[in-house]
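Each chain, written out:
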Amino acid sequence: TTIQEIVKSCPTAPNPPKHFTGRAAELTTLQNELTKTDVVAITAVRSMGGMGKTSLVQAFCHLPSMPFGAVLWAELTQSPQLNAILLTWGSYAKDSFTLPSETPVEQIADLVRAMLTELITNQCGGKTLVVFDDVWDNEACYSAVSLLRRAMPTGAQVLLTTRQEQVANDPRLKAHALSLNELLDSDAKLLLQ
């Protein structure tokens, strides 16, 4: 057993695109909102894809002033792959983690929660942010979010991205919606440069 095997690294978000720019006001608003509420949903005007919701969240998660010691990321899409997400989350706490066969998914979620809570409490410090990226307005996504919330470490806050405004307004999520508009002209020019 090496030192690297003993000391696990804290989960982090994927890196933002190399050319991410602008959105300073949105980053500030996002940070302020996450200190006020447990669930924030980033939506796009007119339900558009490609507005930069995911890039914004990735950039936020890598800010030096980001108040979270760990970030758990789950890309849901229209057909969430729960087992793959639970396996990834469990492997943060234990390299050799495997999904116990013939175990109800709820019990696996409880196991992952216990492992992650211990890892984050003992090694990561601060709060945990859980990102549900690309949430769709369908039962598969709502069920996945519900189960993954069960697998989250104790006290984690949730940030989700969706192109469908009705997701943010769904009472099962209890989210505070932030609408992402087009880039300002000055930021768009800077991005093109």
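Refer to the preceding data block for the structure.
Position numbers for residues count from 1 along each chain, tracking the sequence in the order it is written. In keeping with the model being predicted, local features are shown solely for residues with a pLDDT of at least 70 and side-chain atom pairs are shown and tallied solely at 80 or more, while totals for entire chains, interfaces and linings include all residues. Excluded from the side-chain calculation are hydrogens and water; included are all heavy atoms of the structure.

### Some remarks on the environment of Met115
To keep things clear, this is the line we draw: In this description a helix means any DSSP run of H or I spanning at least four residues, a strand means any run of E spanning at least two, and both kinds are numbered starting from the N terminus. Only heavy atoms enter the contact rule, under which two residues are in contact if any of them lie within 4.5 Å.
Turning to its location among the elements, Met115 is positioned in helix H5 (residues 105-124). Taking the C-alpha atoms as reference, Met115 lies 9.4 Å from Ser91; in sequence the two are 24 residues apart. If near-sequence neighbours (up to four positions away) are discounted, Met115 is found in contact with Gly90, Ala93, Lys94 and Phe97.

### Remarks on unusual backbone geometry
To be explicit about the condition: Burial classification: accessible surface area is computed with a 1.4 Å probe over protein chains only, and a residue below 20% of its type maximum counts as buried, one above 50% as exposed, and the rest as partly exposed.
Phi at Thr77 takes a positive value of approximately 60°, unusual for a residue other than glycine. For Thr77, a relative accessible area of 26% gives the class partly exposed. Look at Asp134: it is not a glycine, yet its phi comes out positive at around 65°. Of note, Asp134 is situated in the loop between strand S3 (127-133) and helix H6 (139-151). By relative accessible area, which is 18% here, Asp134 ends up buried.

In short, shape yes, function no, at least from these values alone.
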